[in-house]
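Breakdown of the fold
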There are 2 protein chains.
Amino acid sequence: MIKRYRYGQPISTDTIVKSIPICDENIAFFQLENKEKMTFTYTMDDNDIIYGLGENMRGINKRGFTYISRCMDGAKHTEDRNSLYAAHNFFIIDGKKQLGVFFDAAGIVSYDIGETEIDQLIITCDDNDFDIYLIEGDNLKDIAKQFRQLIGQSYIPPKWALGYHQSRWMYKTEDDFRNIVKQYQENQIPLDAIYLDIDYMEDYESFTINRENLPHFEELVQEFKEQGVHMVPIIDAGIKVKEGYHVYDEGVKQNRFCKDKDGKNFKCGVWPGYCHFVDVLNEDNRHWFGDQYQFLLDKGIDGIWNDMNEPSIFYTDERLNEAYSLVDELRDSELNLFTYFKMRGQFSKLSSNPKDYQLFYHDINGQKVRHDKVHNLYGYNLTRAAGEAFERFSPEKRILLFSRGSMIGMHRYSGIWTGDNLAWWSHLKLCIQQMPNINLCGFLYSGGDLGGFGSDTNEELLMRWVQFGIFTPLMRNHSQSQRAQELYAFKHTEIFKNMIEIRYAFIPYLYSELVKAALSDESYFRPLAFDYEDDKQARLIEDQLMVGEAIMIAPIYEQNGRGRFVYLPENMKLIRMRSLSDYDEIELEKGNHYIHVGFNEMIFFIKPNHIVPFAKPALTTRDMNFDELYVLGYVQDEIEYTLYDDDGYTRDINQPEHFHKIYASKEYCDCKTKKVQYR
Amino acid sequence: MIKRYRYGQPISTDTIVKSIPICDENIAFFQLENKEKMTFTYTMDDNDIIYGLGENMRGINKRGFTYISRCMDGAKHTEDRNSLYAAHNFFIIDGKKQLGVFFDAAGIVSYDIGETEIDQLIITCDDNDFDIYLIEGDNLKDIAKQFRQLIGQSYIPPKWALGYHQSRWMYKTEDDFRNIVKQYQENQIPLDAIYLDIDYMEDYESFTINRENLPHFEELVQEFKEQGVHMVPIIDAGIKVKEGYHVYDEGVKQNRFCKDKDGKNFKCGVWPGYCHFVDVLNEDNRHWFGDQYQFLLDKGIDGIWNDMNEPSIFYTDERLNEAYSLVDELRDSELNLFTYFKMRGQFSKLSSNPKDYQLFYHDINGQKVRHDKVHNLYGYNLTRAAGEAFERFSPEKRILLFSRGSMIGMHRYSGIWTGDNLAWWSHLKLCIQQMPNINLCGFLYSGGDLGGFGSDTNEELLMRWVQFGIFTPLMRNHSQSQRAQELYAFKHTEIFKNMIEIRYAFIPYLYSELVKAALSDESYFRPLAFDYEDDKQARLIEDQLMVGEAIMIAPIYEQNGRGRFVYLPENMKLIRMRSLSDYDEIELEKGNHYIHVGFNEMIFFIKPNHIVPFAKPALTTRDMNFDELYVLGYVQDEIEYTLYDDDGYTRDINQPEHFHKIYASKEYCDCKTKKVQYR
């Protein structure tokens, strides 16, 4: 049961697809205080767990910190970061009461979940205009599902998007790209996509090609496509202020950009220097911005990642002038404790400074709205522009699309990646913990940069990240590091190859579970408590996940880890894989286990009476035969599995012929080379 | 067996107290390459573990990262920090071979432990002048002990230093201090020390008192002392450049300061603005600097913490001018990607910039030595100056002394704290993992700032940190946070009180184990592998520690943790304490367990046939009766425990009458209120 409460006069976020009447009662369960900002308070039991809030720092259970929904570009994701790139305003309270809560707000919302007071959940909105939805249900899964039905079906990527992707902010020339792809092929490591970071553009101008480095860009795209490898370019939000640059010229002429207080096009610094932002909160501008993507689709591109769309602001003249003035004021004096740190602080706070959100305006249906009031809508609508355009330009085939900035609602158009993580073990763990909460907020196609984007990775960290990444729908190795982190750049190339082959082999299961989760409004990644609600210990487990209907994972995420504790909420079968042809299957009893896991091993668990269908890997998903399947399973007698499969790109997904029944018996599972006849 | 190898002409570090002849063979076990910098390489098996390197980031097993011994002030201890405040150049390889390795070097040493190549341990020295000691022994403990015998007996603090200490960079006036102490007393929370951070000084000038805020400083010290509470002031390394300030005037007159390349007193910015550094590498200057401490001892002070002695440099004119010039160069142009990040980087790299270490010089026995060649000796010798002075001024009584900057050798004069950690859960874990490695390097009296120094803590994090801190010899709550983090500042004051009472009750055991470890050159905190060398799983455990001879701890260090996995290498007794009068004792079998641990509970484990003597707590250690002891134990028949106890301050420690035999039987342990007659 969903109840909707309205406060003030909210700007529509277009998040909700179902019409829910506004309830005129006082809000239930929460205590509302009408101070300068409205606050909603809920008193938690020691036993209460808070799930959700999507892409954020810290554990699966969000208690113990304050999270602020304010899409923010920031490179160091330390434990005290309140905001990442997303505004995912949905959470579920699980304890003495089970309750789903969604703040449908365009502005900033903050969640103090037991930080200030250990048992108080305090929600504060910067602006007093929003809807709140309270969702009650039979259990956690039911509440989550009701929410997903409210916000509409999640984006489903093409099947090749489940292949392995290689990226690095470093590849520039055609030879660079050819060399990378060639090395993957020579090392027989599967690869489905190679990424174009900002250097492929001319002067970092979105929708241009650097012809000096990529004179035959179209041919290169085609050449790779013939090998089954997709090129995926980045698009940045900031449009460079430069006469002669077609997007700028047309944008100025057609009045597409956000305005400053004087009505001039708002200017700030991003990658290319001074930029304008397209006012994508206006439908017409969104359509116009979406049209720009045709430039890339025409060149054979069928996958895009949208970046810097929080929007990221490196600097404004206002902030720079403050810093310069302070230098002028202080440079001839002896710096003391206060002046020194003030000066340093002024420079370190130039970027992503929320004060800059007050400097520009949107035109929403003729209404002038200051950016900070609708900040979280920006990245969402920029990516929505792309998603809507792809439906126009590619009505048959799905296009790969994922975004850094995001808000719930955008999940219908796009996936997300978790942004500029670092080559830190704690970020591998964070990535594991983010996945189920991101799924709860509707983003099923997601993943973190394997090995870490910033800082230098090392072989063991990358190996463990890859072993977890086998299960993330988006499996991309991306970095800005000095150190090469392609999978052939380390000592144990063969082990990396084995792991990527395992990923490819599992694509039938992963794709089937991903699409089924999208179609049935369920989660692909789940905390254990969603499947084992009454299990006290399962509720406390923060480092194991359910993946689809059959699998539980317990990744190794610690430096020098050669084993780990695992809790089994019921009897399960442990699969310990070194490669597709070299693995152990061990039945384990419900309870606590310490599992030794070698550097070259990936483990996972199969639930009783469940199977994992798999296929023979190939160097690309295109070259795989998805009609010949094998089965790993933990089956007593005979079970039935519903496999979703299709051509891999049709937009018309929900067709009966895409659903196939697989019957597996104990013998099938014991005889691993027997082909499963599923059609 | 210890072998000493010499390279170049090392400057004496005064670390070694034993005379070991120089071996003229080629170094064993390592491959030496004589490139521009010497490199020593050791090939590790997958099974090899590296213990040691003292105060550093990351796990107990140091594999997988590069650590640089370069004492460094830096506030954000993120996973990619190569250096903290210490130069602890000792480690033990444990695997196919067991080998202790000590680099006795005054300069920078870097340890690439499988980061660049997963199986290669590569050691590089910036300067080719050092001794290497290789230590072989019967087992890990034996190797560790041989090393400790080589470097001399660890510092032993007075007994009151094992009490609970309260600190915050915020207390200024006499009323502030009185108020804090009063609140502890009113809440009946034991307290032995309150700290004076930099604000107690006049203009941050070491060895001065801010008389505006503290007009009756001496009386305040006395007033607290009568209540059993010690005031512990900070001393900073930088001496403010200010005529009329006696330390500056005398230092200039007597030529005590480090020189720049032109022979002028080297000047750089720290807390008070421009400062000079006393050249404590010169014995005469060290004596002079030590003499300054009499100023504080004369006022009744009997505990000091030395800070900023890496030495910390906020800025030099050289670095500032580079930054200002860049601003001049860029301010009139449009900033692009490169210029913008260059400018920001210039300001963020002002502090603790290693380039500044090349700007000043020491006079070592008449030899002019550039600072970077002997950088790691600085903090060591500044604290040594204090330690040596305390022996002169207080020949009977031990004085509390601990330092931020450190190097092995300083362990004979002082303890250390782990510097400016943050209110991060990962830093609680780091603190746990640092302790055994810091002990291996000779620093037994140590601990981290409970609750975290920077960032805002919360009640649960502080609670878990306190529950771990019960076992750290230095148990200090210190912060610079906006949020009050005194133990009465949260909801569950009673639980904090219970935990501090448990700490006080255990002081007989903690003090006994600390002093015995110092006298016998053993570790107080040990990784499990040191006690259970042949246990494969024990070698992998990174979050449990042995504390003294009887206890194993398994702290809760995760947000919302209400339980954890624990590995018992043998049968043990679990003690789950809510307070001294409310606890469970449960015998558990060797193996893997999941232990539920409430927010209000502290757990630890007692080894078979071991006991933990304890006393009744009081509001200060002074008011405790250490002659009336009780026993917690896990005893089958009867066992004997050697208790060290003394008056708590005598310097003449190793006296037979300080060692007492306690005999405990099963009945004693079962009857917890029975007084143990140990004399």
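Residues numbered from 1 in each chain as written. Chains lettered and ligands numbered in written order. Predicted model: local features only at pLDDT ≥ 70, side-chain atom pairs only at ≥ 80, totals over all residues. Heavy atoms only, no water.

Taking an unreviewed UniProt entry as the reference, chain A is identified by name as Alpha-glucosidase belonging to Longibaculum muris. You can read under Sequence similarities (unreviewed entry) in the UniProt record for chain A the words "Belongs to the glycosyl hydrolase 31 family." (UniProt positions renumbered as here; feature names shortened; annotations may be inferred.)

Our focus in this paragraph is the overall build of chain A. When helices and strands are tallied, chain A shows 15 helices and 38 strands. For chain A, the C-alpha atoms occupy an extent of roughly 75 × 65 × 55 Å along the three principal directions. Evaluated residue by residue, chain A yields a buried proportion of 70% over its 679 residues. Residue pairs in contact within chain A that sit at least 24 positions apart in sequence constitute 73% of those at least 6 positions apart. Here chain A displays about 22,200 Å² of accessible surface, and carbon together with sulfur accounts for 43% of that area. If you average the places of the 76 positive and of the 106 negative side-chain charges in chain A, the two averages end up 1 Å apart. (Helix = DSSP H or I, 4+ residues; strand = E, 2+ residues; numbered from the N terminus. Buried < 20%, exposed > 50% of the residue type's maximum accessible area, 1.4 Å probe, protein only. Contact = heavy atoms within 4.5 Å. Areas by Shrake-Rupley, 256 points an atom, 1.4 Å probe, with all protein chains shown as cover. Lys, Arg positive; Asp, Glu negative; His and termini not counted. Charge placed at Lys NZ, Arg CZ, Asp CG, Glu CD.)

It takes a turn of 180° to lay chain A on chain B, together with a shift of 0.0 Å along the axis; the resulting RMSD is 0.0 Å. The transformation just described matches what one would write down for a two-fold rotation axis. Of the residues that chain A buries at the interface, 100% are likewise interface residues in chain B, meaning the two copies contact each other through the same surface. (Least-squares fit on C-alpha atoms with pLDDT ≥ 70 in both.)

This paragraph deals with the domain arrangement of chain A. All names here are of chain A. Under the domain assignment, chain A is made up of domain 1 (2-151) and domain 2 (522-677). Spacing between the C-alpha centres of domain 1 and domain 2 amounts to 32 Å. In this assembly, 16 residues from domain 1 lie in contact with 12 residues from domain 2. Taken together, both faces of the contact between domain 1 and domain 2 bury some 1,200 Å²; the carbon and sulfur share is 51%. Where domain 1 meets domain 2, there are 3 salt bridges. Here Glu522 and Lys145 are joined by a salt bridge, their closest N and O atoms 3.1 Å apart. Our count for the contact surface shared by domain 1 and domain 2 stands at 8 residue pairs in polar contact (both at pLDDT 80 or more). Contributions of two or more residues to the side of domain 1 that touches domain 2 are made by strand E4 (49-52), strand E7 (90-94) and helix H1 (140-151). Considering every element that reaches the side of domain 1 that touches domain 2, the biggest residue donor is H1, with 5 residues. In the side of domain 1 that touches domain 2, the residues fall into 6 nonpolar, 6 polar and 4 charged. (Domains from an automatic or database assignment. Buried area = accessible area lost by both parts, 1.4 Å probe. Salt bridge = Lys/Arg side-chain N within 4 Å of Asp/Glu carboxyl O. Polar contact = N/O pair within 3.5 Å; in protein donor to acceptor, adjacent residues only side chain to side chain. Nonpolar A, V, L, I, M, F, W, Y, C, P; charged D, E, K, R; others polar.)

Formed by 395 residues in total, the largest nonpolar core has its most connected members in Phe506(A), Phe604(A), Phe506(B) and Phe604(B). Residues contacting Phe604(B), with those up to four places away along its chain left out, are Phe471(B), Phe506(B), Ile551(B), Met552(B), Ile553(B), Lys573(B), Leu574(B), Ile575(B), Met577(B), Val612(B) and Leu632(B). In this structure, Ile541(A), Tyr567(A), Ala554(B) and Tyr567(B) belong to the second largest nonpolar core, which totals 40 residues. (Core = buried A, V, L, I, M, F, W, Y, C linked by side-chain atoms within 4.5 Å.)

Looking now at helix H11 (residues 459-469) of chain A. All names here are of chain A. For H11, the buried fraction is high: 11 of the 11 residues fall into the buried class. Inspection of H11 places Glu459, Glu460, Leu461, Leu462, Met463, Arg464, Trp465, Val466, Gln467, Phe468 and Gly469 among the buried residues, and these make up the whole buried set. Looking at the buried residues of H11, the elements they touch are helix H10 (425-440), strand E26 (475-477), helix H12 (493-519), strand E28 (545-547), strand E29 (551-553) and strand E34 (602-606). In this structure Asn458 caps H11, since a side-chain oxygen of it lies 3.1 Å from the backbone nitrogen of Glu460.

Attention shifts here to the sheet that holds strand E17 (residues 268-270) of chain A. Residue and element names in this part refer to chain A. The strand order across the open sheet formed by 3 strands is E15-E18-E17, and the pairing between neighbours is antiparallel. Unpaired on one side and paired on the other, strand E15 (239-240) and E17 mark the two borders of the sheet. Here 2 bridges tie E15 to strand E18 (residues 273-276), and the two strands are oriented antiparallel to one another. Residue Ile239 lies in a different strand from E18, and its bridge partner there is His276. (Pairing = 2+ DSSP bridges.)

Residue and element names in this part refer to chain A. Take Gln433: it is sitting in helix H10. Here the alpha-carbon distance between Gln433 and Arg58, two residues 375 residues apart in the chain, equals 7.5 Å. Every residue in contact with Gln433, bar those within four places of it in the chain, is listed here: Arg58, Gly59, Ile60 and Glu542.

Residue and element names in this part refer to chain B. Read from one edge to the other, the open sheet built from 3 strands follows the order E16-E20-E21, with strand pairing classed as antiparallel. Only two strands of the sheet have a single neighbouring strand rather than two, namely strand E16 (259-260) and strand E21 (367-370). Summarising the sheet, strand E20 (residues 360-364) and E21 pair through 4 bridges and their orientation is antiparallel. By the bridge assignment for E21, Asp363 is matched with Lys368.

Inspection of the secondary structure assignment puts Arg564(B) in strand E30 (residues 563-568). Engagement of the side chain of Arg564(B) in a polar contact is seen with the side chain of Asp543(B), the distance being 3.0 Å.

To continue, consider the UniProt feature "domain: Glycoside hydrolase family 31 TIM barrel" (unreviewed entry) in chain A. What UniProt calls "domain: Glycoside hydrolase family 31 TIM barrel" (unreviewed entry) maps, in this numbering, to residues 155-512 of chain A. Helix makes up 38% of residues 155-512 of chain A and strand 15%. Its end C-alpha atoms lie 14 Å apart.

Turning to the packing of aromatic side chains, a few remarks are in order. Summed over the entire model, instances satisfying the criterion amount to 104 aromatic pairs over all chains. Between Tyr274(A) and Tyr315(A), the ring centres sit 6.1 Å apart and the planes meet at 65°, which makes this aromatic pair edge-to-face. Remark: Tyr315(A) occurs in the loop between strand E19 (303-307) and helix H7 (317-330) and Tyr274(A) occurs in strand E18; sequence separation between them is 41 residues. The same class applies to Tyr274(A) as to Tyr315(A), namely buried. Aromatic ring contacts, followed pair by pair, group Trp169(A), Trp271(A), Tyr274(A), Phe314(A), Tyr315(A), Tyr340(B) and Phe341(B) into a single cluster. Positioned above the aromatic ring of Tyr195(B), the side-chain terminus of Arg476(B) is 4.8 Å from the ring centre. Above the plane of the ring of Trp305(B) lies Arg476(B), whose end atom (NZ or CZ) is 4.3 Å from the centre. (Phe/Tyr/Trp six-rings, centres within 6.5 Å; stacked < 30°, edge-to-face > 60°. Lys NZ or Arg CZ within 6 Å of the ring centre and 35° of its normal.)

Taken together, the 71 residues of chain A in the interface contact 71 residues of chain B. The junction of chain A with chain B conceals about 6,300 Å² of combined surface from both sides, 53% of it contributed by carbon and sulfur atoms. For the pair chain A and chain B, the interface holds 12 salt bridges. Here Arg331(B) and Asp328(A) are joined by a salt bridge, their closest N and O atoms 2.9 Å apart. The element contributing the most residues to the side of chain A that touches chain B is helix H8 (residues 337-348) of chain A, with 8 residues. In terms of residue class, the side of chain A that touches chain B is made up of 31 nonpolar, 17 polar and 23 charged.

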